[in-house]
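Structural features, examined
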Amino acid sequence: MKKNHRTRLLSVLCASAAVLALVSCGGDDATGPGIRVDPGPIGSGGTPSDVFPTGNVVGTTTSSVDAGPVANASVSVGSTTTTSLINGRWGLNTGDAARALATVRAASYVDNIRAFAIAGLPVNVPSPLVPIAAASPITVATGGTVTQAGGSAQIVLPGNALTPPAGVTAAATVDARITEINFLQNLNVVPGDFTGTDLASATVPVETFGVVSLLATDASAARYTLSAGQTANVRIPAITRGVALPAMLPLMYFDETTARWVQTNRTATLNNGAYEGAVDRLGFWAAGQTQPTVTLTGCVRDPGDQPVANARVILEGIDYNASATVLTAADGTFSVPLRQGGNATVTAQAGGAVTNTVAITSAQSAANFALTPCLRTSGAVSGLSIKL
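Residues numbered from 1 in each chain as written. Predicted model: local features only at pLDDT ≥ 70, side-chain atom pairs only at ≥ 80, totals over all residues. Heavy atoms only, no water.

This next bit is on the state of the cysteines. Taken as a whole and judged by the stated rule, the model has one disulfide. Across the disulfide, Cys-299 is cross-linked to Cys-374 (sulfur-sulfur distance 1.7 Å). Torsion about the S-S bond of the Cys-299 and Cys-374 cystine: about -80°, corresponding to left-handed handedness. Taken together, the residues Cys-299 in strand S22 (residues 293–301) and Cys-374 in the loop between strand S29 (369–370) and strand S30 (375–376) connect sequence positions 75 residues apart. Residue class for Cys-374 comes out buried when judged on its relative accessible area of 15%. (Disulfide = S-S within 2.5 Å. Helix = DSSP H or I, 4+ residues; strand = E, 2+ residues; numbered from the N terminus. Buried < 20%, exposed > 50% of the residue type's maximum accessible area, 1.4 Å probe, protein only.)

Below, the structure written as structure tokens:
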């Protein structure tokens, strides 16, 4: 499953041009704290699509299918919670954090957990949601096989392998679901920030070649887990933006507490377009690996050639399945991991200011390198933002 690299690059550049023109090319939307194109509230003569919530952390909940807004989604950062508006936009206030988590949940969608850093300037947190797969009733005592309709994602649950949450009486039947998280068009549907822990418990950049969500609930919506010592066989559809699919990969589960992918000793083998293996818990699973990286260094400056501190630098793979985000230092410099030999784009956001987007070629990423000249913002940096 490959997308033409030139087409993806053009779409990224189109989005960047749209930022500067204050119009949208589609996809994830960045909203601005305090900015309202139409200050009228929804339902009182204002245009719903023009209403911008306030906050220093903002985003738009969208459907991964058509990028349409998802209203009434719950968004939580720590103990602070808000709900997305009819246009999908949300905003809340939080303190500075080297790593914060935004948990996004909406009816009929798979949860998404976004990791981000914030220091001084407001940030936009893309929050697309994947529609959840249809449920398949499973008798707990006998188990069964669940295959996602219209796809090849599959889980085989053995009998008597599910445990209800503490205090919940075990049900005879549950609704089981396996949902493919197809990130081919939008890497932000993958929870976390493409970091994980390896077998030595070191934090490392990761890349994924297939992701699924496994869920089993009873009639009260209580979420069941795999019982201790039990495993379930899974089939994870393989996805690549260009990098060759490895024949075998480690299996990684997503730790929702840390928002990192945890490498296990389990492996998955590529077979007829999907990775097959056994898992020992429900939740998110990926066929992935530690990303082979080089280091890209650079800087962000404003139109007056002054360094921009705390700008959010965003690097996205064009032909590989990962992204990376860092904040600039006080002197406007940054250092970000990049897949060795990969093609990517890099841009930055600083409050209401955005920079040019630069394409990185595989020749440049063969080794560590410095990006010159600096990325440059389109306007003065402030605590306000603009519509992307």
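With an omega of -5°, the peptide bond between Thr-372 and Pro-373 qualifies as cis. Its place among the elements puts Pro-373 in the loop between S29 and S30. One non-glycine residue with positive phi stands out, namely Ser-108, at about 75°. One can find Ser-108 in the loop between strand S5 (97–105) and strand S6 (112–118). Unusually for a residue other than glycine, Ala-221 sits at a positive phi of about 75°.

Our next topic: the environment of Ile-132. Along the chain, Ile-132 falls in the loop between strand S8 (127–129) and strand S9 (136–139). Assessed through its relative accessible area of 25%, Ile-132 is described here as partly exposed. Residues Ile-132 and Arg-177, 45 residues apart in the sequence, show an inter-C-alpha distance of 7.9 Å. Sequence-distant contacts of Ile-132, defined by excluding residues within four places in its chain, comprise Ser-108, Tyr-109, Val-110, Arg-177, Thr-179 and Leu-215. (Contact = heavy atoms within 4.5 Å.)

Among the structural elements, Thr-195 can be located in strand S14 (residues 195–197). Under the relative-accessibility criterion, Thr-195 is labelled buried at 17%. Here Thr-195 is in contact with Arg-99, Thr-203, Val-204, Pro-205, Val-206, Arg-260 and Trp-261, once residues within four sequence places are set aside.

The four strands lie next to each other as S3-S2-S5-S6, forming an open sheet whose pairing is antiparallel. What marks the edges here is a single partner per strand, and that holds for strand S3 (80–83) and S6. Geometrically, the sheet is characterised by an average inter-axis angle of 20° between neighbouring strands, direction not taken into account. With six bridges joining them, S5 and S6 adopt antiparallel strand pairing. Residue pairing for S6: Thr-103 is matched across the bridge by Ile-113. (Pairing = 2+ DSSP bridges. Axes fitted to C-alpha atoms, helices over the stretch in contact; angles between N-to-C directions.)

Here we come to the pairing of strand S2 (residues 74–77). Within a regular strand, the side chains alternate between the two sheet faces. The sheet contact formed by S2 and S3 spans four bridges and is antiparallel. Bridged to Val-77 within S3 is Thr-80. Joining the antiparallel neighbours S2 and S3 is a turn of two residues, in which Gly-78 adopts a positive phi near 60°. Here four bridges tie S2 to S5, and the two strands are oriented antiparallel to one another. Paired with Ser-76 across the bridge in S5 is Thr-103.

Right, let's get into the environment of Pro-53. Here Pro-53 shows up in the loop between helix H1 (5–21) and strand S1 (57–63). Given the relative accessible area of 11%, Pro-53 is considered buried. Residues Pro-53 and Ser-84 lie 31 residues apart in sequence; the distance between their C-alpha atoms is 8.9 Å.

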